[in-house]
Structure formats: structure tokens, C-alpha cells
Amino acid sequence: MSRSEGSPLLLAGLLAGAGIAHFAAPRTFDAIVPRALPGSPRTWTYASGVAELALAAGVTLPRTRKAAALATAAFFVGVFPANVKMALDWRHRPTPLRAAAIGRLPLQVPLVLWARSVAEHAGTTEGRA
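Residues numbered from 1 in each chain as written. Predicted model: local features only at pLDDT ≥ 70, side-chain atom pairs only at ≥ 80, totals over all residues. Heavy atoms only, no water.

A. Local environment of the side chain of Lys-85. For Lys-85, the location among the structural elements is in helix H5 (residues 80–89). Look at Lys-85 and you get buried, because its relative accessible area is 12%. Those residues within four positions of Lys-85 in sequence are excluded, and the remaining contacts are Ala-31, Ile-32, Val-33, Pro-34 and Arg-35. (Helix = DSSP H or I, 4+ residues; strand = E, 2+ residues; numbered from the N terminus. Buried < 20%, exposed > 50% of the residue type's maximum accessible area, 1.4 Å probe, protein only. Contact = heavy atoms within 4.5 Å.)

B. Up close: the packing of aromatic side chains. Inspection of every chain in the model, using the stated rule, returns 2 aromatic pairs. For the pair Phe-23 and Tyr-46, a centre-to-centre distance of 5.0 Å together with 5 degrees between the ring planes defines the contact as stacked. Highlighted residues: Phe-23 in helix H1 (residues 3–24) and Tyr-46 in helix H3 (residues 41–60), separated in sequence by 23 residues. (Phe/Tyr/Trp six-rings, centres within 6.5 Å; stacked < 30°, edge-to-face > 60°.)

C. Quick peek at the confidence of the model for the protein. Summary statistics for the protein give a mean pLDDT of 91 and a share of 91% for residues scoring 70 or more. Mean pLDDT across the secondary structure elements of the protein bottoms out at H1, with 90, and peaks at H3, with 98. Low pLDDT, under 50, characterises residues 125–129; the predicted model gives this stretch 6 contacts beyond four residues in sequence or across chains. (pLDDT = per-residue confidence, 0-100.)

D. The nonpolar core, seen in detail. In terms of nonpolar packing, the biggest core is built from 16 residues, with Leu-11, Leu-15, Val-59, Phe-76, Ala-115 and Val-118 touching the most fellow members. For this core, the secondary structure elements donating two or more residues are H1, H3, helix H4 (65–78) and helix H6 (95–125). The residues touching Leu-11, leaving out its near neighbours within four places in the chain, are Val-59, Thr-72, Phe-76, Trp-114, Ala-115 and Val-118. Counting residues in hydrophobic clusters, the runner-up holds 5 residues, among them Ile-32, Ala-82, Trp-90 and Ala-101. (Core = buried A, V, L, I, M, F, W, Y, C linked by side-chain atoms within 4.5 Å.)

E. View of the pattern of salt bridges. A full pass over the atoms with the stated rule returns 2 salt bridges. Notably, a salt bridge pairs Asp-30 with Arg-42, separated by 2.6 Å at the nearest N-O pair. Highlighted residues: Asp-30 in helix H2 (residues 26–30) and Arg-42 in helix H3, separated in sequence by 12 residues. Among the salt bridges present, the one from Asp-89 reaches Lys-85, with a minimum N-O distance of 2.5 Å. A residue pair is termed a helical-turn pair when its members lie 3 or 4 positions apart in one helix, as Asp-89 and Lys-85 do in helix H5 at 4 residues. (Salt bridge = Lys/Arg side-chain N within 4 Å of Asp/Glu carboxyl O.)

Right under this line is the structure:
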């Protein structure tokens, strides 16, 4: 399997792992839900977990890959405020935790670009996946 053929599956795995984590350790995610969002942080945690699992399934299937990958790129942009909140909230934590929180911020850019690349290549790998 070439790198471009495996890329959608790797992206789906990342999304699925993150989605499962939202249910396995919801308090971690509740803490980074921006206060400006209405409702309970837990509702947002579970909703984003469901979204990640749905996106993972969509990226896995050749027929829905392009749309799901574009939605994934938008999702990565949409969760950026949670990463900003985490970086701000963790600014007084020990250095390794603070570095991890700050490191998540620029990581969103390659994630968005990766999802867009999967969408762009969806038509070229549909017959093989």
C-alpha cells in the first residue's frame, strides 16, 4: 500500500482514536470546552466524539471519503478554540504539560492540510481502496 493510499486510513485511525478518547476520558475534554458555548461541556465533549467517529467512518469509505475529509478539515479548524483555551488554562502547569498544550496549536495546520490532501486524492484512490 502506497503512502497516499494509507493516508486516509491513518487519518481515520487518528479520528477514531480521538473520538473514543472523548468517551473514555471525558473530563479531560470537558475542561477545554470554551465557556462561550451554550450548554454543558459534557454535551460538547460527547458531540465532538461522535463527530470524530462519524468522520473516521466517512474517511474510511471511498464513496464518502472526499466529503468526509473536507468536513474533517473544517472540524479541525472548528476545534481550534478548544486548543487555545487549553493552552491558556495550562500556562501555569509544569513545563512538559504547558509545552504539550502550546504544541497543539501549530499542529492544527498540518492536520487541516492532511485532511484537505486526503480529499484532493480521494478520486484517485477510490477504485483501489
